[in-house]
Structure formats: structure tokens, C-alpha cells
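These are the residues of each chain, in order.
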Amino acid sequence: MLKTFTKTPHLKPVTKWVGGKRQLLKELTALLPAEYNRYFEPFVGGGALLFDLAPQTAVINDLNPELMNLYQVIKDTPDQLIACLEQHQLHNSKDYYLELRSADRDGRIDQFSMVERAARFVYMLKVDFNGIYRVNSKGQFNVPYGRYVHPKIADRENIITVHQFFKEQQITLLNSDFATACETATAHDLVYFDPPYIPLTETANFTSYTKDGFGMADQLRLRDLFFDLKQRGVQVMLSNSDTPVTRKLYQSATIHTVSASRAINSVGSKRGKVGEVIITSYDHS
């Protein structure tokens, strides 16, 4: 029998994530199917919807190895992570940040433990410009230092809460391709896709989500997987930008229009509300 899940209070993302879905949680949850079995999120990112739903059984995945290493560390050794983050909190400055950022250029990062890598990842996203994760073609983090007065780098309470969620529920962590991440999805499961978005204009570039990027060939693969999962009886929900290309790709699905504030454009006048869509393989009434 299908079951719905009760929410765990006070669960929230442990790291900043550009394009995160915290501001659209009301719209997303309103469009969820009434019932589902397992929950799959192949582009988990900051995990806003995952933590809001707090499912009993889930498969979460991301192609970003640093992000998935963070979640594994939170699951296995949260106290060590907190201790390391407290050191970063104590020494936080622009010079300290730039020195730690350079670890993926001078080879030091190869000697880092899983905990040290996870703490570096959280720290940089807490204090860098706009909380952006961006790497160059060599896989080197290249975002400048931000201008935060008192950033909360070591959030002990939330890290422990997420740790308990990972340990007490059946949460599988993967670092693979999005298609691989939902291979085991079956009828009545729920898959939520939140991929890197299709550019709003022809001249816009996809965010360098990984050093390999995420282009139109990947968007077409994702579209095909969306409809393949639907044919298998899996319930699918997907977020993307509201563009003619998006609407053409998913014209036979159910498309819901929403708007969200995005502040990653370097030109201040181009920041603000932008059109997005939530696409479902099922009708929602």
C-alpha cells in the first residue's frame, strides 16, 4: 500500500546552493502526488525539497563529488566535521579563504581527509560571492571571497539533525549520472529532477555545475528519461526555466508556471523574478 510521510521539523539544507528550492517549497509540495513509495532526487544539490519532505526511504544523488562527500561525512562523522568548521569559523578572513581555496591548485587537497574536504566545501560556500559553486575546466574552485559580516559557518544543530535523519531513515547516497541514480525506480515511486537549467537566452551559458558542464544533449537525455519513467508508472516532477525550448521538450507533460527570485547575475539590474516551470508526468487537481 502506498504511504505518505510525516515531516521532520527543523531539517534544512546544510550548505548554500545556487538554484536551491527553498523559496519554491510551497509550490513544489502543492504539486506532489498524494501518495508515493520511495523518493528519488538525482540532482539533489542543497536538498531543500528532500529535507522538507524527510522521506523514510530515498535515493539521493549528485554528480558533484564534493557535495556527495559532504553528505557522506555528515552521515558518518558529524562531530569531526563540526570541529573542522569551527576552526574555519575562528580563522575566517579573505586571506584565509584564498589560501584554502588554492588547495585544489597546489595539490594539497589530494592529501585532505574526507572530513577536511567536506569542511572546506561548506566553508567556501558559506563565505564566497553569492554562495556560488563554480569550477574551471581543470576542476578548480574559482569563486571570489564574499562580503558577509558574521556568516554562520559551523551550524552544529542542523548538521546533527541531518545526521540523525540520514542514519534513522533509509537514505542511499550516490555520486553518479542522473540516469543511473533512478534505475531502480518502480511504479508508484516519486522522482524529482532539478537539473542545471536551460539558459533563458541563446547567449546565456549553463552554470559550470561540474567541470564537464551540462548541455543540450544532457537536457534531451533527461527529457527521454522523464517520459520513460512515466511509461514505467513512476511519478515524475521536474523543475526548469520557462523557455520555448523547455515547453517544446515537455509539451506532452503537465506544465505549471511559477516565478522565483534569482540573484546570480553579475549585473544587478538583471536580478529579480524569473519564470520557471514545474513539470509533472501526472495530472494534479
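Residues numbered from 1 in each chain as written. Predicted model: local features only at pLDDT ≥ 70, side-chain atom pairs only at ≥ 80, totals over all residues. Heavy atoms only, no water.

## Thoughts on the overall build of the protein chain
Line of reasoning, step 1. In terms of regular secondary structure, the protein chain is built from ten helices and seven strands.
Line of reasoning, step 2. Each of the 285 residues in the protein chain was classed as buried or not, and the buried ones make up 49%.
Line of reasoning, step 3. Expressed as a percentage of contacts within the protein chain between residues at least 6 apart in sequence, the contacts between residues at least 24 apart total 73%.
Line of reasoning, step 4. Carbon and sulfur atoms form 50% of the exposed surface of the protein chain, whose accessible area is close to 13,900 Å². (Helix = DSSP H or I, 4+ residues; strand = E, 2+ residues; numbered from the N terminus. Buried < 20%, exposed > 50% of the residue type's maximum accessible area, 1.4 Å probe, protein only. Contact = heavy atoms within 4.5 Å. Areas by Shrake-Rupley, 256 points an atom, 1.4 Å probe, with all protein chains shown as cover.)

## Topic: the pairing of strand β5 (residues 235–241)
Line of reasoning, step 1. Most of β5 is tucked away, with seven of its seven residues classed as buried.
Line of reasoning, step 2. As defined by bridge partners, strand β4 (residues 190–193) adjoins β5 across four bridges and the pair is classed as parallel. Considered in β5, the bridge of Y192 is made with M237. (Pairing = 2+ DSSP bridges.)

## Some details on helix α5 (residues 94–101)
Line of reasoning, step 1. Buried residues of α5: Y97, L100 and R101, and no others. The buried side chains of α5 occupy one side of the element, clustering within an arc of 100° when seen end-on.
Line of reasoning, step 2. The secondary structure elements touched by the buried residues of α5 are α4 (78–91) and α6 (114–127). (Arc of directions from axis to C-beta.)

## Details of the environment of G46
Line of reasoning, step 1. Looking at the element boundaries, G46 is found in the loop between β1 (39–41) and α2 (48–53).
Line of reasoning, step 2. On the accessibility criterion, G46 (8% relative accessible area) is buried.
Line of reasoning, step 3. Linking G46 and V18, residues 28 residues apart in sequence, is a C-alpha distance of 8.4 Å.
Line of reasoning, step 4. Apart from the residues within four sequence positions on either side, G46 is in contact with P13, W17, F51 and Y71.

## Things to note about the nonpolar core
A general trend in soluble globular proteins is that nonpolar side chains are found buried together.
Line of reasoning, step 1. Membership of the largest hydrophobic core comes to 63 residues, with the highest contact counts inside it found for I60, Y71, I74, L81, F166 and M237.
Line of reasoning, step 2. For this core, the leading source of residues is α6, giving nine residues.
Line of reasoning, step 3. Contacts of I60, omitting those with residues within four sequence positions, involve E41, V44, L50, M68, Y71, F166, I171, T172, L173 and L174.
Line of reasoning, step 4. Counting residues in hydrophobic clusters, the runner-up holds 22 residues, among them V59, V234, V236 and I279. (Core = buried A, V, L, I, M, F, W, Y, C linked by side-chain atoms within 4.5 Å.)

## A look at empty space enclosed by the protein
Line of reasoning, step 1. Tallied over the entire structure, the rule returns one cavity of 30 Å³ or more.
Line of reasoning, step 2. Together, P13, V14, L70, I74, L81, L85, V122, K126, I153, D155, N158 and I159 line the largest cavity.
Line of reasoning, step 3. If you list the elements that add at least two residues to the lining of the largest cavity, you get α3 (65–76), α4, α6 and α7 (156–168).
Line of reasoning, step 4. Of the residues contributing to the lining of the largest cavity, the split by class is nine nonpolar, one polar and two charged. (1 Å grid on protein atoms, 1.4 Å probe; cavity = no way out; pocket = protein on both sides within 12 Å on 5 of 7 lines; lining within 4 Å. Points joined across faces, edges and corners; volume = space filled by probe spheres on them. Nonpolar A, V, L, I, M, F, W, Y, C, P; charged D, E, K, R; others polar.)

## Things to note about the packing of α3 against α6
Pairs of packed helices are described in terms of their axes, by the angle between the two and the distance that separates them.
Line of reasoning, step 1. Remark: α3 packs on α6, axes separated minimally by 9 Å, with the N-to-C direction vectors making an angle of 115°. At the point where α3 passes α6, the crossing takes the left-handed sense. Contacts between α3 and α6 involve E66, L67, N69, L70, Q72 and V73 on the former and, on the latter, M114, V115, R117, A118, F121 and V122. (Axes fitted to C-alpha atoms, helices over the stretch in contact; angles between N-to-C directions. Left-handed = near helix turned anticlockwise from the far one by under 90°.)

## Observations regarding the environment of L190
Line of reasoning, step 1. For L190, the position within the fold is in strand β4.
Line of reasoning, step 2. Residue L190 is classed as buried on the basis of its relative accessible area, which comes to 0%.
Line of reasoning, step 3. Linking L190 and L32, residues 158 residues apart in sequence, is a C-alpha distance of 8.7 Å.

## Regarding the pattern of salt bridges
Line of reasoning, step 1. Scanning all chains against the criterion turns up 15 salt bridges.
Line of reasoning, step 2. K12 serves as the salt-bridge partner of D155, at 3.8 Å between the closest nitrogen and oxygen. Taken together, the residues span a long stretch of sequence, with D155 in the loop between α6 and α7 and K12 in the segment before α1 (25–30) at a distance of 143 residues.
Line of reasoning, step 3. In this structure, the salt-bridge partner of R105 is D104, at a minimum N-O distance of 3.1 Å.
Line of reasoning, step 4. Here D104 falls in the buried class, since its relative accessible area comes to 16%.
Line of reasoning, step 5. Each of K12, K152 and D155 takes part in salt bridges that share partners, so that together they form one network. (Salt bridge = Lys/Arg side-chain N within 4 Å of Asp/Glu carboxyl O.)

## Section: the packing of aromatic side chains
Line of reasoning, step 1. Under the criterion given, the structure shown has 19 aromatic pairs.
Line of reasoning, step 2. With centroids separated by 6.3 Å and ring planes inclined at 45°, the aromatic side chains of F51 and F166 adopt a geometry described as tilted. Placement of F51 in helix α2 and of F166 in helix α7 is noted, with a sequence separation of 115 residues between them.
Line of reasoning, step 3. For F166, a relative accessible area of 1% gives the class buried.
Line of reasoning, step 4. Among the aromatic side chains, those forming a connected cluster through ring pairs are W17, F121, Y133 and F141. (Phe/Tyr/Trp six-rings, centres within 6.5 Å; stacked < 30°, edge-to-face > 60°.)

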